[in-house]
Amino acid sequence: MNTRHEWNRPAGAFPGAIACAFACLFTGEVRADEYSDKIMDLNPLAYWRLGESSGATAVDAAGGYNGTYRRGVDLGLPGVVDENTAASFDGWNDHVEIPHDDAFLIDEGSVQLWFYAEDLGGNQGLFSKDSTNYDTGGHLTVYLDSSRLKVRLQSTSRSYTLQARDIAEQTWYHVLFVFGPDGMKLYLNGDLASDDDYDGGLGTSSGGAGNYEPIALGANSWGSRDRRIAPLRYEFEGRLDEVAVFDTALQPAQVQALADPGWLFTDVSSDTGFDVQSTTDYHGGSGLHWGDLDDDGDLDAIITGNSTSRLLINNNLGESFFVSNFGGGGRDRQGALLDIDNDGDLDFWHIDERLYENNGAASFTDRGNLGFNEPSNNEAVAAVDVNRDGWCDIVMFSENGNWIGHHQGAVPVILEGTDDRDYGLNDWGDAGNGDFCSAGDVNNDGCLDFFYHFFFGRLFSSNGNGTYSQSNGGILVVTGNSDKIGSAWGDYDNDGDLDLFVPRYDDNRDGYLWRNGGSTFSDVASAAGLDNDDRQRSACWGDYDNDGDLDLYLTTTEGGNVLYRNEGDGTFTAVNEGADAAGNGHDAVFVDYDNDGDLDLAVTREDSTNILLRNNTDNRDYLKVRLIGFGEGGTNRAAIGVRVELYTAGGATLLARRDVGVARGYGGTEPLWLHFGGVDNSETYMVRVHFLTGTRSVAVVPGEVETTIGATTVPQMLTIEEQGGSERRLIRWVEVDPGSS
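Everything quoted here is computed from the prediction, not taken from an experiment.

The rules we used
Residues numbered from 1 in each chain as written. Predicted model: local features only at pLDDT ≥ 70, side-chain atom pairs only at ≥ 80, totals over all residues. Heavy atoms only, no water. Core = buried A, V, L, I, M, F, W, Y, C linked by side-chain atoms within 4.5 Å. Buried < 20%, exposed > 50% of the residue type's maximum accessible area, 1.4 Å probe, protein only. Helix = DSSP H or I, 4+ residues; strand = E, 2+ residues; numbered from the N terminus. 1 Å grid on protein atoms, 1.4 Å probe; cavity = no way out; pocket = protein on both sides within 12 Å on 5 of 7 lines; lining within 4 Å. Points joined across faces, edges and corners; volume = space filled by probe spheres on them. Nonpolar A, V, L, I, M, F, W, Y, C, P; charged D, E, K, R; others polar. Polar contact = N/O pair within 3.5 Å; in protein donor to acceptor, adjacent residues only side chain to side chain. Contact = heavy atoms within 4.5 Å. Patch = residues over 30% accessible without salt bridge, like charges linked within 9 Å, V, L, I, M, F, W, Y side chains within 5 Å. Areas by Shrake-Rupley, 256 points an atom, 1.4 Å probe, with all protein chains shown as cover. Salt bridge = Lys/Arg side-chain N within 4 Å of Asp/Glu carboxyl O. Lys, Arg positive; Asp, Glu negative; His and termini not counted. Charge placed at Lys NZ, Arg CZ, Asp CG, Glu CD. Pairing = 2+ DSSP bridges. Axes fitted to C-alpha atoms, helices over the stretch in contact; angles between N-to-C directions. pLDDT = per-residue confidence, 0-100.

S.K.: Just to check I follow, could you spell out the nonpolar core for this structure?
M.R.: The nonpolar side chains of a soluble globular protein tend to be buried with one another. Residues Trp 349, Leu 627, Val 644 and Val 687 are the most contacted members of the largest nonpolar core, which totals 51 residues. The greatest single-element share of this core, amounting to four residues, is contributed by strand 51 (residues 685-691). Of all hydrophobic cores here, the second largest spans 47 residues; its members include Ala 46, Ala 87, Leu 144 and Leu 153.

Following this line, the structure appears as structure tokens:
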């Protein structure tokens, strides 16, 4: 299995104080050479990076104590720091053998390593300089005992053991063991997990002549013959990286520095209160929906789920979330954010045929089905202004047909349902027991189109008059009631049209990247380097590194999630940025929850708490765009489905495009505030908005605009309101409480 997963603390893995302390360490990028420099600056006695891509020699970068890869250790797998690889062990008989040298007879020192366990069954050796019995003392083994990490150090007559609990599979961990006159200390991910007063080491302080055994990496040698590495036992299944031995007892600050791989993302789930559970079943998809629900200038979230659907209100730009149950709890699968009554605040339509009306302060009232009760066994939903009248309609994909709930153009809202075949959604093979849908203006006609996960995928393209035509243009994907997936549209190649990523749930099968060629699509996933095959569940697009192109994030069910960096040449590279969020992933979405201009990541998980990963890019190479539609007679008030393009000054060159609030992922919605990366905030750009009343072009210098909503001013956000056809350049947007005038 070709996995690409990096460290992320699973919920509950560390106690609160420890988790918080470690989370606060990740403040910027550290490339492979920079991490190596951190170790070398501490003068290690030996340092095995395990970064070879081939050959039999495990090179010691510090002291020349080279080791040998034995019995087929797999090399070149993704390591804990970007641009360097790790060694992978099969749990059977492969290992690294490092001969003894008297330089290792140290009475004070430290041993560090990173590990990533594929499986946690039974004992597994990580680092072992050991043999049978106590012998001349100083035997040392670092190993896993199911979900516990243990270190055993021996004198000539006794074993001393430290341990750390709650180790998870498919997650990177940093281990550092310190021994000497000040006692034994075991650090896990930079925090002290266990200690003991025993002051012996590997030399004569153990009570004997010391430890003359070779070192085994990836297996346990405590049953081997004296001064021989065989026979080994308890082989490790997983990856090892950045193994080092020091002849000094490292101090806590040094340990914390080595435990920081410099990933771009920091897990703030526990700190913010985002770590709530929402689903326990893959049928009960947990979708993410971000919008400014209380109109205070930051993004809040509705999370669907079969166990407890949630409402999370953002407090003070993401410092914390106020969490409550939403919709009575148990509102799972797909929903849609929209302003159904065009009153300026966001409402929520759920697949159970229920409208939750927002009173403007994120207090929701269940208004029922609004007369739209014909669909049955509903699979997917999208909000869209089907007939271009300025009111959002509802499209439902259901087992008994695909339905349009036409808004009747008045308040109180009434939806009139139809599955008439004349609308183009119900020809043979178009409707049935599928799963989610994704939406976008695929043919660039100003109307939303839909991709429904049923019968090898069904693409419904708008005809611009309230009807649709079904034609896949070459798209063919695996679908099925037990293969539920969440697809996402995005213009990854910045050519102005939407491309489609569709995950594949089959084990050992890559997902699909359907590149839009105008009238046909081609699957370019393999050529693009998207080779993950770990039972993918969902996907999302976003420019996480603010370099101007869309990157891709995949959730999986049996490994960590995968972040692919867009290289700008049509290819992607799996990167180690702390975005693993290991577990049974459901939905994920890029969202700037803290208004700092870089895209963070929110992830939902089955049978576990949800994850919020803060992005630490923290530069000003971005522009955010917020739209307000005119309403009846124009574009729906929330501007759902509107296409927005970013051009160079004067509109000569297209740089990127985004679509507002469209259906996507494993039951989710694209955030309603748009993000463009890769801009120079002192240069002039042209933003082109395709409202229903016509195209608006607005010149903007990102560093000179801001939007104030309530008491919050959002820097580098351009707000464009649909009103007439004249072109305007907005420098500063301020919203005033109507009651104050």
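Following the structure, the description resumes.
S.K.: Explain empty space enclosed by the protein to me, please; I cannot follow it from the model alone.
M.R.: Rolled over the atoms, a probe sized like a water molecule indicates the empty space that remains. Tallied over the full model, the rule gives five cavities of 30 Å³ or more. Computed from the structure, the largest cavity encloses a volume of approximately 340 Å³. Lining the largest cavity we find 25 residues, and of these Trp 541, Arg 658, Asp 659, Glu 670 and Leu 674 sit closest to its centre. Counting residues per element, the lining of the largest cavity draws most heavily on strand 47 (residues 654-659), which supplies three residues. For the lining of the largest cavity, the per-class residue count stands at 13 nonpolar, four polar and eight charged.

S.K.: Could you clarify how one ought to interpret the side chain of Thr 617 in this entry?
M.R.: On the secondary structure map, Thr 617 appears in the loop between strand 44 (611-615) and strand 45 (622-628). Only 2.7 Å separates the side chain of Thr 617 from the side chain of Asn 615, close enough to count as a polar contact. Look past the residues within four positions of Thr 617 in its chain and what remains in contact with it is Leu 264, Tyr 544, Asp 545, Asn 546 and Asp 598.

S.K.: It is not clear to me how a negative patch on the surface should be interpreted in this structure. Could you clarify?
M.R.: Together, Glu 108, Asp 182, Asp 195, Asp 196, Asp 197, Asp 199 and Asp 247 line one region of the surface with negative charge. With respect to the element layout, Asp 195 can be found in strand 14 (residues 191-196).

S.K.: Please explain the sheet that holds strand 38 (residues 536-542) as it appears in this structure.
M.R.: Whenever strands of a sheet pair, they do so through backbone hydrogen bonds, lying parallel or antiparallel. In space, the four strands of this open sheet follow the order 38-39-40-41, with antiparallel pairing throughout. Edge strands, defined here as strands with exactly one partner in the open sheet, are strand 38 and strand 41 (572-574). Averaged over all adjacent pairs, the angle separating strand axes in this sheet is 25 degrees, with direction ignored.

S.K.: Even after reading the chapter, I still don't get the pairing of strand 46 (residues 643-648), so can you show me in this structure?
M.R.: On a regular strand, each side chain points to the face opposite its neighbour's, so the side chains alternate between the two faces of the sheet. Burial of strand 46 is extensive: five of the six residues sit out of reach of the surface. Two strands pair when backbone bridges link them, and strand 46 and strand 47 are joined in this way by five bridges, in the antiparallel orientation. Directly across from Tyr 647, in strand 47, lies its bridge partner Leu 654. In sequence, strand 46 turns back onto strand 47 through a hairpin of five residues, with Gly 650 there showing a positive phi of about 85 degrees. Note: strand 46 against strand 51, five bridges, orientation antiparallel. Paired with Leu 646 across the strands is Val 687, a residue of strand 51.

S.K.: Would you mind going over the sheet that holds strand 52 (residues 694-700) with me for this structure?
M.R.: The antiparallel open sheet is built from four strands, whose spatial order is 47-46-51-52. This sheet does not close on itself; its edge strands, each paired only once, are strand 47 and strand 52. Ignoring strand direction, the axes of neighbouring strands in this sheet form an average angle of 20 degrees. Both strand 51 and strand 52 contribute to a ladder of seven bridges, which runs antiparallel. Residue pairing for strand 52: His 690 is matched across the bridge by Thr 695.

S.K.: Mind showing me how you'd approach the confidence of the model for the chain here?
M.R.: Interpreting fine coordinate detail is not advised for predicted regions of low pLDDT. For the chain, per-residue confidence averages 92 on the pLDDT scale, and residues scoring 70 or more make up 93% of the total. Predicted confidence is poor over residues 725-731, with pLDDT under 50, and the contacts of this stretch with residues over four places away or in other chains come to 19 contacts. For the stretch residues 735-741, pLDDT sits under 50, and the model shows six contacts to residues farther than four places along the chain or on other chains.

S.K.: I would appreciate a short explanation of unusual backbone geometry in the present structure.
M.R.: Most of the time, phi is negative for any residue but glycine, and the peptide bond is trans. The omega torsion of the bond from Ala 230 to Pro 231 falls at -5 degrees, within 30 degrees of zero and hence cis. By the secondary structure assignment, Pro 231 is in the loop between strand 15 (215-217) and strand 16 (237-246). The omega torsion across Val 411 and Pro 412 is 5 degrees, close enough to zero to call that bond cis. In this structure, Pro 412 sits in the loop between strand 28 (401-407) and strand 29 (415-418). If you check the backbone angles, Arg 535 has positive phi at about 50 degrees while not being a glycine. Structurally, Arg 535 can be placed in the loop between helix 5 (525-528) and strand 38. Residue class for Arg 535 comes out partly exposed when judged on its relative accessible area of 26%. Phi is positive for Ala 581, which is not a glycine, with a value near 45 degrees. Following the sequence through the fold, Ala 581 ends up in the loop between strand 41 and strand 42 (584-591).

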